[in-house]
Amino acid sequence: MPDSQLTKARSLIKLGQPEQDTWSLSRVEDGMPTSRPVIVPLKLWFDHASEADVAPWLPSNTELTSELAEQLATAPLVAIDFPAFTDGRGYTLARLLRERYQYRGEIRAIGDVLVDQLFYMSRCGFDALALREDQHLDDALRALGAFSVSYQPAVDINEPLFARRLREA
Amino acid sequence: MYRYDTYDQTLVDERVTQFRDQMERYLAGRLGEDEFRPLRLQNGLYIQKHAPMLRIAIPYGMLSSRQLRALGAITRRYDRGYGHFSTRQNLQLNWPKLEDVPDILAELAQVQMHAIQTSGNCIRNTTSDQFAGIASDEIEDPRPWCELIRQWSTLHPEFAYLPRKFKIAVTGADADRAAIQVHDIGLRLWRNERNELRVKVLAGGGMGRTPMIGDVVREDLPWQHLLTYLEACVRVYNQFGRRDNKFKARIKILVKALGIEEYRRRVEEEWAHLKDGPQTLTEEAVEAARSHFPEPDRRPVDEQAIIEHERLRQENRNFARFVTNNVTDHRVPGYKAVTLSLKRREHAPGNVTADQMDAIADLADTYSFGEVRVTHEQNVVLSDVPVDQLEALWQELETLGMANPTVGTLNDIICCPGGDYCSLANAVAIPVAQAIQERFEDLDFLYDLGPLDLNISGCMNACGHHHVGHIGILGVDKKGEEYYQVSLGGNATDDASLGKILGPSFYREDVPEVIDKVLQVYVEQRQDEEIFLDTYRRIGIKPFKERVYA
Ligand code: SF4
């Protein structure tokens, strides 16, 4: 039964603030859970794409084609999985979704989401961070503000530092 | 030299605070070993055989005398009073205490230095030509471009967890002194017939276990697009590089698996979306970067001084030797670049003591506008010495033991720390270098051999660049015993090539003898002015094999 294996984030940070998680997550690929709202594997989601309380999660090896991005456009939320925190593909996926395909809904990091990844994740367009079970929320909130300056443009800032310097000079 | 503004300073200061916090959480047990690992690596901190090792970035090799003194002070205070210049224009401390590292980083930040991304699976310190800005064959000074790349790659939010490490090298001269063909990305700055600056982009070169020469991705990228194009190159790698096997995770494996055409196609497709985006460089942005590397305030050196220098050279054989081997021509008449040799038997190649750092800093202040460069050959360069000061400088170097007139010879060995320090090593490297230096000490013999690169690595990771040594030596492990494999014919410059393995490996004590036999074959077979590499290329490996294994 997929429903028996549903999980909820113990700590969720949304737009920089702790928040109670309303979504359940299912990692089971064979069988649709009945509980709502729910995040399900991308494969299962296609058949439920029209439902406002079903959202997909993408494995890190997803190739984000324009066709896929078009389908995702209507999803209430797109979760991106970090099977291991050292797998950096999710950062690219989030940027592509935001910057190339202008996805405006929530992009949520799930899986091996650790305190020290959050700053980069938020720069890449993740606005919801479902922390791994054992992570401390206060460490996480502090880590989000680790840097007040960045050299490169990303989802959060559209101007590289070299351009800002010239503008301010 | 690049000088931080408040933004750069804020960033390195915040980085220190961040790492201090991470270290505290680690020591308090709130951050696991595996989770701390990439964090410490991206701050240059390894856990080594005997102690932690800290690798400090020297961006594209440039150091001020003030920074060098600060490094000396740090090695005295937190280490054993010396450091090791690596082949990647970094400085490594071999004995820091783990819990001291945040304080060391804080002291570095005070002199505009850091250890950011000197290790880990991210974009590493960008390396370049040690004669940047002064070489007579230079088309474009690579340093402003390196600095733009440094900033772009520093804490890049998308590329902190790449499949594997990623190294970029840049050259802007006719002769490639940055070994761009054996880097993950190699960049060559050049000008077309209309005198417009272009960038040739290579990808997929590298050493390590599967050495490869880079392929050309793009011959003539207009400079404006450098950063967006790099972003496309790395993004494709981040998405498609292998993550299942550490030994197949470098970009070279991806480029090889896809083929350069397919890799290029994907990069171009990606780039089509990034092109002309906010990171497109403007004339003003490049000018601003260039303004950090002004011409030093050189006084004119008159004709008479140049004549006098030539006269001294004729008169003093020792000085003449030094000039021939350690002094390089300069774009500006009357000026020279001087290479200080960090190779002598008493020290491991590339090692410098704190006292030497102070001494070099003083010399830089007196003779060369307070700046030094470190080279991938593990030496130090004073880039702007007027010829009428050369002899005085040489005298001082003699006293300090840094005037070894052997730069570029067999004696100028490139060598990794090897088994004496490095926990990944199969075998020691430094004692092998020292045994070779001891055996071939005679200067006349060394000069007769001419330019010869001998490079030693203690394992497959190839930190000692053995694949691109004319003679390469690699430590291998056979059933728990240390052996050495010798290869011939590697080359890191323009017509780069990878060495070929001579045959079965040797005991450590036999290595000098083997090298001697290899050299004998060269001396017997060379024609006219032929250097070792050219003789090898002409006659092939067979005669060497026959002699060594006879
Ligand atoms: S080549 Fe091997 S032994 Fe030498 S420093 Fe690199 S990892 Fe260590």
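This is a predicted model, so every value here is computed, not measured. (Residues numbered from 1 in each chain as written. Chains lettered and ligands numbered in written order. Predicted model: local features only at pLDDT ≥ 70, side-chain atom pairs only at ≥ 80, totals over all residues. Heavy atoms only, no water.)

(A) Summary view of the sheet that holds strand β15 (residues 380-386) of chain B. Residue and element names in this part refer to chain B. Sheet architecture is open: five strands sit in the order β3-β14-β15-β12-β11, paired in antiparallel fashion. One side of each edge strand has no neighbouring strand; the edge strands of this open sheet are β3 (62-64) and β11 (327-329). Along the sheet, successive strands turn relative to each other by an average axial angle of 35 degrees, direction set aside. Note that strand β14 (residues 371-374) and β15 share two bridges and pair antiparallel. Across the sheet, R373 pairs through a bridge with V381, a residue of β15. Across the sheet, helix α12 (residues 354-367) lies against β12 (335-340), β14 and β15, angled at about 25 degrees from β15, the strand it touches most. (Pairing = 2+ DSSP bridges. Helix = DSSP H or I, 4+ residues; strand = E, 2+ residues; numbered from the N terminus. Axes fitted to C-alpha atoms, helices over the stretch in contact; angles between N-to-C directions. Contact = heavy atoms within 4.5 Å.)

(B) Spatial organisation of the pattern of salt bridges. Residues and elements named next belong to chain B. Evaluated as defined, the whole model comprises 75 salt bridges over all chains. Salt-bridge contacts for R69 lead to D362; the nearest nitrogen and oxygen are separated by 2.8 Å. Taken together, the residues span a long stretch of sequence, with R69 in helix α3 (residues 65-78) and D362 in helix α12 at a distance of 293 residues. With relative accessibility at 28%, the residue R69 sits in the partly exposed group. (Salt bridge = Lys/Arg side-chain N within 4 Å of Asp/Glu carboxyl O. Buried < 20%, exposed > 50% of the residue type's maximum accessible area, 1.4 Å probe, protein only.)

(C) Representation of the site of the ligand within the structure. In the region of the ligand, the neighbouring residues are C416, P417, G418, C422, L424, A425, S457, G458, C459, N461, A462 and C463 of chain B. Of the residues in the shell around the ligand, the class split is eight nonpolar, four polar and no charged. (Near = heavy atom within 4 Å. Nonpolar A, V, L, I, M, F, W, Y, C, P; charged D, E, K, R; others polar.)

(D) Main features of unusual backbone geometry. Residues R36 of chain A and P37 of chain A are joined by a peptide bond in cis, for which omega reads -10 degrees. Tracing the sequence through the fold places P37 of chain A in the loop between β3 (24-25) and β4 (38-41). Here L155 of chain B, not a glycine, exhibits a phi torsion of approximately 55 degrees, which is positive. Along the chain, the position of L155 of chain B falls in the loop between α5 (143-153) and β7 (168-171). Look at H465 of chain B: it is not a glycine, yet its phi comes out positive at around 55 degrees. Inspection of the secondary structure puts H465 of chain B in the loop between β17 (454-457) and β18 (471-478). A relative accessible area of 10% means that H465 of chain B is categorised as buried.

(E) Representation of the interface of chain B and chain A within the structure. Taken together, the contact between chain B and chain A spans 47 residues of the former and 39 residues of the latter. Surface buried jointly by chain B and chain A totals about 3,900 Å² across both partners, of which 55% is contributed by carbon and sulfur atoms. When residues of chain B are sorted by the area they lose upon contact with chain A, Y7, P157 and Y161 of chain B head the list and together hold 21% of the total. Counting across the chain B and chain A interface gives 10 salt bridges. (Buried area = accessible area lost by both parts, 1.4 Å probe.)

(F) Spotlight on the sheet that holds strand β5 (residues 54-58) of chain A. Residues and elements named next belong to chain A. The strand order across the open sheet formed by eight strands is β2-β1-β8-β7-β6-β5-β4-β3, and the pairing between neighbours is mixed. Where the open sheet ends on each side, the last strands, each with one partner, are β2 (17-19) and β3. For strand β1 (residues 12-14) and strand β8 (residues 128-130), the ladder comprises three bridges, and the chain directions are antiparallel. Note that in β8 the partner of L12 across the bridge is A130. Where helix α5 (residues 137-144) meets the sheet, its contacts fall on β1, β2 and β8, and the angle it forms with β1 comes to roughly 30 degrees.

(G) Spotlight on the domain arrangement of chain B. All names here are of chain B. Assigned domains within chain B: domain 1 (6-110), domain 2 (134-290), domain 3 (303-400) and domain 4 (414-548). Here domain 1 and domain 4 have C-alpha centroids that lie 33 Å from each other. Facing the 10 residues of domain 1 at the interface are 11 residues of domain 4. Summed over both partners, the interface of domain 1 with domain 4 comes to about 830 Å²; 50% of that surface belongs to carbon and sulfur atoms. Linking domain 1 with domain 4 are zero salt bridges. At the boundary of domain 1 with domain 4, the tally comes to three residue pairs in polar contact (both at pLDDT 80 or more). In terms of residue class, the side of domain 1 that touches domain 4 is made up of three nonpolar, six polar and one charged. (Domains from an automatic or database assignment. Polar contact = N/O pair within 3.5 Å; in protein donor to acceptor, adjacent residues only side chain to side chain.)

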